[in-house]
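Summary of structural features
What follows is the residue order along each chain.
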Number of protein chains: 2
Amino acid sequence: MNIGIVSERSGLTAKTIRYYEDIGLVKPLRDSNGYRAFQEKEIHKLTFLSRARALGFTIEDCRALLALYEDETRASADVKRIAKVQLAQIEEKVAALGAMHDTLSHLVKECAGDDRPDCPILEGLGKV
Amino acid sequence: MNIGIVSERSGLTAKTIRYYEDIGLVKPLRDSNGYRAFQEKEIHKLTFLSRARALGFTIEDCRALLALYEDETRASADVKRIAKVQLAQIEEKVAALGAMHDTLSHLVKECAGDDRPDCPILEGLGKV
DNA sequence: ATAGTGGTTCCAGTAAGGGGAAGGTCAAGG
DNA sequence: CCTTGACCTTCCCCTTACTGGAACCACTAT
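Everything numeric here is computed off the predicted structure, so don't read it as measured data.

1. Some thoughts on the protein's contact with DNA strand C
- In the vicinity of DNA strand C, 18 residues are found, and the nearest of them are A:Gly4, A:Arg36, B:Lys15, B:Thr16 and B:Tyr20.
- Of what DNA strand C places within 4 Å of the protein, 71% of the atoms are sugar or phosphate.
- One of the side-chain N or O atoms of B:Thr13 is found 2.9 Å from a phosphate oxygen in DNA strand C.
- At 2.7 Å, a side-chain N or O of B:Thr16 approaches a phosphate oxygen of DNA strand C.
- Contributions of two or more residues to the surface near DNA strand C are made by α1 (3-10) and α2 (14-22) of chain A together with α2 (14-22) of chain B.
- Take the surface near DNA strand C: its biggest share by element is four residues, from α2(B).
- For the surface near DNA strand C, the residue count by class is six nonpolar, six polar and six charged.

This is the structure:
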């Protein structure tokens, strides 16, 4: 599978995919013509990367998560430990998003959608 | 209020706060000694930036959201429109995080935490 | 054969900061 | 009064995670 298809299916640009190869996140094979030859497994990894990056996980977070996916000889105790750390991070993110969601949707509700300039966004956005 | 306090309260580093001033996200006053003098309102903005950035919103997303907060002459119709776009983004993020959470917590559950190398993470992580 | 599309590498630039130097400022203690 | 230490300032370069563009090679189609 060529990089164009992979780009389409994973949601990453070809540029980004090449970059991810550079830094060792994926290691596609090569065809005799020099083209990268991706397999299904690579698509899954890249799709995951696409999502995780959009959610604010760093490349190194992603590397840790992919290592779980990758390492055939892993001990499940390690997997469990790493996964738990990431789970905690995810839960924090969900909570923060939830708070932002509440604030914004409250705002949307309160805002009559008219031309008055007194939307109550101010009180909620950055509450400590 | 000096930058150190603001850093502590907002969760951003002093460096980042100065950078945000550079790019026009905040405009603290200055004391006669040249120190930045922040007000409560600035803390709220910075706290919000801290959270939003950690969740993968771009600076430009944040700028749009802060514009709502900032613009005293805004029409609530505009506010509502922008807020709705952001709400949709947030909902997507929550859904994606939810999927990652399910996958990982499933993994944590399935993984006995022993030394067997067959953790079932593979099937879930990058499902298209 | 030639155009067009899509692949390759490489080099340079951007975004969003971080590290650290060189120096000014303030409060406390001797 | 002076110094010490913590905190502030600007400036410049470094890093991360890409993005754009040039120059060139490969496959397909007319």
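Once you've had a look at it, read on.
2. Digging into α2(A)
Residues and elements named next belong to chain A.
- Within α2 the residues assigned to the buried category are Ile17, Tyr20 and Glu21. End-on, the buried residues of α2 take up no more than an arc of 105 degrees, which puts them together on one face. Facing away from the buried side of α2, by more than 90 degrees, are the exposed residues Lys15 and Asp22.
- Packing partners of the buried residues in α2 comprise α1, β1 (29-30), β2 (36-37), α3 (40-54) and α4 (59-70).

3. Quick word on the protein's contact with DNA strand D
- Among the 18 residues in the neighbourhood of DNA strand D, the closest are listed as A:Lys15, A:Thr16, A:Tyr20, A:Arg53 and B:Gly4.
- In DNA strand D, the atoms that sit within 4 Å of the protein are 68% sugar and phosphate, with bases accounting for the remainder.
- One of the side-chain nitrogen or oxygen atoms of A:Thr13 is found 3.3 Å away from a phosphate oxygen of DNA strand D.
- Within the side chain of A:Tyr20, one N or O atom sits 2.5 Å away from a phosphate oxygen of DNA strand D.
- Looking at the surface near DNA strand D, the elements with two or more residues in it are α2 of chain A together with α1 (3-10) and α2 of chain B.

4. Some remarks on the environment of A:Ile90
Residues and elements named next belong to chain A.
- Within the element layout of this structure, Ile90 appears in helix α5 (residues 76-110).
- Residue Ile90 is classed as buried on the basis of its relative accessible area, which comes to 0%.
- Considering only alpha carbons, one finds Ile90 and Gly56, 34 residues apart in sequence, at a separation of 10.0 Å.

5. A few points about helix α3 (residues 40-54) of chain B
- Here α3(B) is 15 residues long and its end C-alpha atoms lie 21 Å apart, about the 21 Å a rise of 1.5 Å per residue gives.
- Listing the buried residues of α3(B) in full gives B:Glu42, B:Ile43, B:His44, B:Lys45, B:Leu46, B:Thr47, B:Phe48, B:Leu49, B:Ser50 and B:Ala52.

6. Brief notes about the nonpolar core
- Membership of the largest hydrophobic core comes to 57 residues, with the highest contact counts inside it found for A:Tyr20, A:Leu46, A:Phe57, B:Tyr20, B:Leu46, B:Phe57 and B:Met100.
- If one sorts the elements of this core by residue count, helix α5 (residues 76-110) of chain B sits on top with nine residues.
- Look past the residues within four positions of B:Tyr20 in its chain and what remains in contact with it is B:Leu12, B:Leu25, B:Val26, B:Leu46, B:Leu49, B:Arg53 and B:Ile59.

7. Observations regarding the environment of B:Leu49
Residues and elements named next belong to chain B.
- Locating Leu49 in the fold gives a position in helix α3.
- Using a relative accessible area of 0% as the deciding quantity, one classes Leu49 as buried.
- As a C-alpha pair, Leu49 and Leu66 span 17 residues in sequence and 8.6 Å in three-dimensional space.
- Among all residues touching Leu49, those that are not within four sequence positions of it are Tyr20, Leu25, Cys62 and Leu66.

8. A short note on the pattern of salt bridges
- This structure, assessed with the given rule, holds eight salt bridges over all chains.
- Between B:Glu60 and B:Arg63 there is a salt bridge; the shortest N-O distance is 3.0 Å. Placement of both B:Glu60 and B:Arg63 in helix α4 (residues 59-70) is noted, with a separation of three residues, approximately one turn of the helix.
- Residue classification places B:Arg63 among the partly exposed residues on the basis of a relative accessible area of 30%.
- Ionic contacts of the salt-bridge type, sharing partners, join the residues A:Glu21, A:Arg30 and A:Arg36 into one network.

9. Side note on the packing of α3(A) against α4(A)
All names here are of chain A.
- In contact at an axis separation of 10 Å, α3 and α4 are set at 150 degrees when each is read in the N-to-C sense. With respect to each other, α3 and α4 are oriented roughly antiparallel. As α3 packs across α4, the resulting crossing turns out to be right-handed. In this structure, α3 uses Lys41, His44, Lys45, Phe48, Leu49, Ala52 and Arg53 to contact α4, whose residues at the interface are Ile59, Cys62, Leu65, Leu66, Tyr69 and Glu70.

Rules and cut-offs
Residues numbered from 1 in each chain as written. Chains lettered and ligands numbered in written order. Predicted model: local features only at pLDDT ≥ 70, side-chain atom pairs only at ≥ 80, totals over all residues. Heavy atoms only, no water. Near = heavy atom within 4 Å. Polar contact = N/O pair within 3.5 Å; in protein donor to acceptor, adjacent residues only side chain to side chain. Helix = DSSP H or I, 4+ residues; strand = E, 2+ residues; numbered from the N terminus. Nonpolar A, V, L, I, M, F, W, Y, C, P; charged D, E, K, R; others polar. Buried < 20%, exposed > 50% of the residue type's maximum accessible area, 1.4 Å probe, protein only. Arc of directions from axis to C-beta. Contact = heavy atoms within 4.5 Å. Expected span 1.5 Å × (residues − 1). Core = buried A, V, L, I, M, F, W, Y, C linked by side-chain atoms within 4.5 Å. Salt bridge = Lys/Arg side-chain N within 4 Å of Asp/Glu carboxyl O. Axes fitted to C-alpha atoms, helices over the stretch in contact; angles between N-to-C directions. Parallel < 35°, antiparallel > 145°, perpendicular 65-115°, else oblique. Left-handed = near helix turned anticlockwise from the far one by under 90°.

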